[in-house]
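# Structural overview
Read off the chains here:
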Amino acid sequence: QLQENLKDNQEPEPDPDDRELIMRLKPLFQERLAEAQQQGIQQGIQQGIQQGMQQGIQQGMQQGERRIIECLLRDRFGSLDAELTAIIEPLLSLPLEELTPLILRLSREDLIARLREPS
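Below is a short write-up of the structure. Note that the structure is predicted; figures quoted are calculated from it, not measured.

### Focus: the layout of surface pockets
Roughly 180 Å³ of volume is contained in the largest pocket. For the lining of the largest pocket, the elements supplying multiple residues, two or more each, are helix H2 (16-77), helix H4 (88-92) and helix H5 (96-105). Top contributing element to the lining of the largest pocket by residue count: H2, with 4 residues. Looking at the lining of the largest pocket residue by residue, the classes come out as 9 nonpolar, 2 polar and 1 charged.

### Quick look at a nonpolar patch on the surface
A cluster of nonpolar side chains, namely Ile-41, Ile-45, Ile-49, Met-53, Ile-57 and Met-61, defines an oily patch on the protein surface of about 590 Å² accessible area. The topology assignment puts Ile-41 in helix H2. Residue class for Ile-41 comes out partly exposed when judged on its relative accessible area of 46%.

### Observations concerning the nonpolar core
With 14 residues, the main nonpolar core has Ile-69, Leu-73, Leu-84, Ile-87, Leu-91, Ile-103 and Leu-111 as its most contacted residues. Residue assignment for this core shows that the elements contributing at least two residues are H2, H4, H5 and helix H6 (108-116). In this view, Leu-111 contacts Leu-73, Phe-77, Ile-87, Leu-91, Leu-102, Ile-103 and Leu-106; residues no more than four positions away in its chain are not counted.

### Notes on H2
Relative to the 92 Å expected for 62 residues at 1.5 Å per residue, H2 spans 90 Å between its end C-alpha atoms, a close match to the ideal helical length. At Leu-25, H2 shows its maximal bend, which comes to roughly 30°, and the proline Pro-27 appears one to four places after that position. Those residues of H2 that sit buried are Ile-22, Ile-69, Glu-70, Leu-73 and Phe-77. Downstream of H2 by one or two residues, Gly-78 has phi in the positive range, about 95°.

### Concerning the packing of H2 against H5
Taken N-terminus to C-terminus, the directions of H2 and H5 make an angle of 20°; their axes are 9 Å apart at the nearest point. In terms of their interaxial angle, H2 and H5 are classed as roughly parallel. At the point where H2 passes H5, the crossing takes the right-handed sense. Here Ile-69, Leu-72, Leu-73, Arg-76 and Phe-77 of H2 lie close against H5, whose contacting residues are Leu-99, Ile-103, Leu-104 and Arg-105. For the contact of H2 with H5, a count of residues per class yields 7 nonpolar, no polar and 2 charged.

Procedures and definitions
Residues numbered from 1 in each chain as written. Predicted model: local features only at pLDDT ≥ 70, side-chain atom pairs only at ≥ 80, totals over all residues. Heavy atoms only, no water. 1 Å grid on protein atoms, 1.4 Å probe; cavity = no way out; pocket = protein on both sides within 12 Å on 5 of 7 lines; lining within 4 Å. Points joined across faces, edges and corners; volume = space filled by probe spheres on them. Helix = DSSP H or I, 4+ residues; strand = E, 2+ residues; numbered from the N terminus. Nonpolar A, V, L, I, M, F, W, Y, C, P; charged D, E, K, R; others polar. Patch = residues over 30% accessible without salt bridge, like charges linked within 9 Å, V, L, I, M, F, W, Y side chains within 5 Å. Areas by Shrake-Rupley, 256 points an atom, 1.4 Å probe, with all protein chains shown as cover. Salt bridge = Lys/Arg side-chain N within 4 Å of Asp/Glu carboxyl O. Buried < 20%, exposed > 50% of the residue type's maximum accessible area, 1.4 Å probe, protein only. Core = buried A, V, L, I, M, F, W, Y, C linked by side-chain atoms within 4.5 Å. Contact = heavy atoms within 4.5 Å. Expected span 1.5 Å × (residues − 1). Bend = angle between axes of the 7 residues up to and from the residue. Axes fitted to C-alpha atoms, helices over the stretch in contact; angles between N-to-C directions. Parallel < 35°, antiparallel > 145°, perpendicular 65-115°, else oblique. Left-handed = near helix turned anticlockwise from the far one by under 90°.

Written as C-alpha cells, this is what we have:
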C-alpha cells in the first residue's frame, strides 16, 4: 500500500530521491510480504495439524467408548439387537460412574425403558 501511495502521490515524473526510495523499498516490501505469507501458511498448517490431532483423538476415544459399551451389553445380555443398539448413543452421553451400574444392575427391559424415557 505504501508503494502504491508513493506512486499515486507523485507527479507524472518522480523526482530522483523518490525514485531511489521506491527502488530501495520495493525489495524490502516484497521480502516482508513473502515472510508474512510464509508465516501465515506455517501458522495455518500448525493449527490444522493440532485440530486434526484433537479430532482424531476425540473420535478414537468415542469409538473406544462405544466398543466398550457394546462389549458390556453383549456380555450382559448375550447379543446386540436393534433395541440394545438404539440405547448405545444415550449410554455414551452418561458419565462412567452412572453408566456402569446401569448396565451391570438393571435388567435388559429396565435398561431399555430407562434410556428411552425423555430426559
